[in-house]
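Summary of the model geometry
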Amino acid sequence: MGADEKQGLLLLEAGGVAPTQTETISVCGSQFQKNGWPWHFAILFKLPVTDAEKKAFGEPMKHPQKLWGKIFSGVNGTGALPQSVKEGMTKMDFHHAVFNEIVTILSGPRNGLQLDTKKSIDEDELILTVGLTDPEAKKQLAHMEDLSVRLSQTLYDEKKVDVPTSTKQYSGLDYNAEGKFVPSPGKELNGDEIPNSHHAYLSYSAKKAHMFEEVSQLDCIRLVKRRLLKFLHMDELVDHGIVNQWFPVHHWDELDELHNKGWNNPTRILQWPSEARSDSINKYFGPEMAFFFHWYNHLTRWLAFPAILSIFTYGARISGLVSRIQINYVSMAFAAMLVIWSSMYVSQYRQAKNLKQNKWGMENLGASALVVRKQFKDAYRDSFADYAQHFFHWFMVVFFVFETIMAVYYVTQMQVRAKQHPHEHGPFGIPNEYIAQYAKYLITINIKFVDKVWTPISNWLTNKENWRSMQELQQSMIAKMFCVKMFVFYYPFVYIIVIQPYTKGCGPDNSRNDLTGCIDELNESLILFFFSQIAIEIALLIAYLGFAAWGVRSERSKHPDKQYTYLELQGKTMPYTEEDLISDSLNAVVTYGYIILFGVSLPFMCLLGFLTNLVMIRLVAYKVSYAYQRPMPKAMDGIGTWEGVMRILGYVGVLTNAYIAMFTLRAFRDEDMVWKLIMFIVLQNVGMGLKMAIEGLFDERNSAHKRIIEYHDDCKDVLLDEKDPPTIGDGKVAALDSPFK
């Protein structure tokens, strides 16, 4: 927080008004007035500008009383229907009444929120900014909303209780020693130390406010969102054109600090993805985004080891000093290492995730994080129409899978014909010599095409389905999206090594015995995928930024004498939705899958995956900071379904690597088919057993995590100062004669 913002906060806490921010900031080469702070949400109301819009606003409002009841929840007697809202009133008068009632509810005694308004540069929107700045209002709302808040350091000091950390030291080999928690800080993005302390979390109590840390800015966003949704049906406001959009506000100073230290700076792609980064992300974006980046960073750090080993295998491959058969054996050893590595990674990530749950107060989240969708209708559940919707969605899954199969088959047959008749022409008059050389790129194009087409279709269908909670909706969305994309992304490569050797053949001579040509083609396709993935994401990011910049320049050109604000810029960007997070998560999972599924074929993929992740982390960080609106903070206890998906991919990888090793590598080309089949069965069973054994060695919580929980259980009564009352019940002592007298 900048100095001007700290001064402004003191004014607000003293009962003053929000200070006017005159400082300008530079975003993508353009200047904007910095006005994001101290607001937590922005609600953009539609204003009539053109003659046609003014005429429409002067027309009678249809069913105003019914719509009024849809907009306001009526909680605690709010949103009572005023006499002015009646049939025959104009649309402008209705919007006026709705706006005034919203202001009354949010700023009145029910919420105590700070409000301000500002028209957009072309005056087609009224920006209502909402902030929770009053200290007493923070305490009261945190208490009413049962907000989970950390116990303060002051409380630990007063009670003379150490704050547990993830590091505990013991003296020598004395196993009876008590031991001592030792801070071993990491580094904050600005260079400050991050202690590894784990404070306990409790539901906030206004009467015991001294026990808790101050309500954070992120918690203020959570509280404002809860109050908005409690009193207003925001979807109805948007659906009926009263509100264009509403979103949590980015705070420039915090983003700028993250940028200066490299986290969301795309030029710092080689910055090591440290463990400490996710703590900083949690403070600004909340646990959902923090767990995503924690997982992404954790995966990238773990990829460093196989990436380094892959450099040596690649060096042996291109040096010419090692035969192809010897390279096959090296690749098999590398694949065996990946089996062990993937099990270690999954187990270690689970422990690291659970430790973060404890540190961020997300343990035992359960039903408290359940968000019931307003669109859910219990009577519709299990109806014929409900089943028909689900059937159609799964039908579309099968359709896109079938499209991938046919696309790969068509391209392959086209290549075969082109090689058989090199001097003729193929579809659209394209010479066959070009088709034979470049048709393979059509498979990559189809992968990207289906990826971009299926995502919005599946998301739209899922949102139309009758899921009760957002969590159920997300799980369904991930399942259907991954079913298609797993097939779309992986089938073309599986086809090359499983089907192509027995149909088209391998290499220039279309051999069906020597499959080396298929392995080489597989490796070329995998390398092409990694580079195209980065190129496409960069292109999309530039497109998003370009779209926002075009909108800004268009409005500025019409009003050159007015200053554009940072809040208006945020209104020009798109919301970062659950679908966007799923898409970004899928990119990381797909990269992991290629490494696990085809590691024996191309160990060098580990280095490509490691470098790709470094780039993608910076791109996604930049995207959520500048190209999109601030993501809605959500309570989460991990990455959800993706954790199970990665575990499944690890087991599937045992099968694919065993198949590639036994049936495609030159080292076993001359072996009998029965021997190959027996060895394949042996290898895949040994691999499966090894993975299960390794994963079984690791508990869900590591020792540090267990110590922290046990320590808080032991000192809970001291911290909470919970003493037995002097009298329980009526306080009378029973008059009984002892038989032992």
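Refer to the structure above for everything that follows.
Residues numbered from 1 in each chain as written. Predicted model: local features only at pLDDT ≥ 70, side-chain atom pairs only at ≥ 80, totals over all residues. Heavy atoms only, no water.

Our next topic: the overall build of the chain. Summing up its helical and strand segments, the chain has 23 helices and twelve strands in all. With respect to the three principal axes, the spread of C-alpha positions in the chain is 100 × 85 × 55 Å. Burial statistics for the chain: of 741 residues in total, 51% are counted as buried. For the chain, the accessible area works out to roughly 35800 Å², and carbon and sulfur atoms hold 59% of it. Charged side chains of the chain number 75 positive and 80 negative; the gap between the two group centres comes to 2 Å. (Helix = DSSP H or I, 4+ residues; strand = E, 2+ residues; numbered from the N terminus. Buried < 20%, exposed > 50% of the residue type's maximum accessible area, 1.4 Å probe, protein only. Areas by Shrake-Rupley, 256 points an atom, 1.4 Å probe, with all protein chains shown as cover. Lys, Arg positive; Asp, Glu negative; His and termini not counted. Charge placed at Lys NZ, Arg CZ, Asp CG, Glu CD.)

On to empty space enclosed by the protein, then. Going through the model one piece at a time under the given rule, you end up with eleven cavities of 30 Å³ or more. Approximately 60 Å³ is the volume attributed to the second largest cavity. Lining the second largest cavity are V27, H250, Y566, L569, Q570, T573, S625, Y626 and Y628. Counting residues per element, the ones that place at least two in the lining of the second largest cavity are α18 (566-572) and α20 (605-627). Classifying every residue of the lining of the second largest cavity by side-chain character gives five nonpolar, four polar and no charged. (1 Å grid on protein atoms, 1.4 Å probe; cavity = no way out; pocket = protein on both sides within 12 Å on 5 of 7 lines; lining within 4 Å. Points joined across faces, edges and corners; volume = space filled by probe spheres on them. Nonpolar A, V, L, I, M, F, W, Y, C, P; charged D, E, K, R; others polar.)

Our focus in this paragraph is the packing of aromatic side chains. Counting across every chain of the model gives 33 aromatic pairs. Here the aromatic rings of F32 and Y564 are separated by 5.8 Å at their centres, their planes lie at 80°, and the arrangement is edge-to-face. Of the two residues, F32 is situated in strand β2 (residues 30-33) and Y564 in the loop between α17 (516-558) and α18; the sequence distance between them amounts to 532 residues. Note on F32: relative accessible area 2%, which makes it buried. With 5.8 Å between their ring centres and 40° between their planes, F668 and W675 make a pair best called tilted. Residue classification places F668 among the buried positions, given a relative accessible area of 9%. (Phe/Tyr/Trp six-rings, centres within 6.5 Å; stacked < 30°, edge-to-face > 60°.)

The subject of this paragraph is the sheet that holds strand β5 (residues 125-131). Judged by pairing direction, the sheet is antiparallel, and its four strands sit side by side in the order β4-β5-β3-β12 without closing on themselves. Of all strands in the sheet, those with a lone pairing partner are β4 (114-119) and β12 (243-248), marking the two edges. Each strand of the sheet is rotated relative to its neighbour by a mean of 15°, with strand direction disregarded. Pairing of strand β3 (residues 41-46) with β5, which is carried by six bridges, proceeds in the antiparallel orientation. The residue of β5 that forms the bridge with F41 is V130. Against the sheet, helix α7 (residues 217-231) engages β3, β5 and β12, with an angle of about 40° to β3. (Pairing = 2+ DSSP bridges. Axes fitted to C-alpha atoms, helices over the stretch in contact; angles between N-to-C directions. Contact = heavy atoms within 4.5 Å.)

Before going further, it helps to examine the packing of α17 against helix α19 (residues 578-598). Contact geometry for α17 and α19: axes closest at 12 Å, N-to-C directions at 165°. One finds that α17 runs roughly antiparallel with respect to α19. α17 and α19 meet at a crossing whose hand is left-handed. Residues L522, L526, F529, F530, Q533 and E537 of α17 pack against N587, V590, T591, Y594 and F598 of α19. Per-class residue counts for the contact of α17 with α19 are seven nonpolar, three polar and one charged. (Parallel < 35°, antiparallel > 145°, perpendicular 65-115°, else oblique. Left-handed = near helix turned anticlockwise from the far one by under 90°.)

A side chain with one charge can pair with a side chain of the opposite charge if their charged atoms come near. Inspection of the entire model under this criterion finds 18 salt bridges. Between K34 and E23 there is a salt bridge; the shortest N-O distance is 2.9 Å. Of the two residues, K34 is situated in the loop between β2 and β3 and E23 in the loop between α1 (3-13) and β1 (24-27); the sequence distance between them amounts to eleven residues. K34 sits in the buried class, given a relative accessible area of 2%. For E23, a relative accessible area of 39% gives the class partly exposed. Linking R227 and E145 is a salt bridge whose minimum nitrogen-to-oxygen distance equals 2.8 Å. A residue pair is termed long-range when its members are at least 10 positions apart, and R227 in helix α7 and E145 in the loop between α5 (135-144) and β6 (148-150) qualify at 82 residues. Relative accessible area serves as the criterion here: at 1%, R227 is assigned to the buried category. What you see here is one network of salt bridges that share partners, running through E23, K34 and D253. (Salt bridge = Lys/Arg side-chain N within 4 Å of Asp/Glu carboxyl O.)

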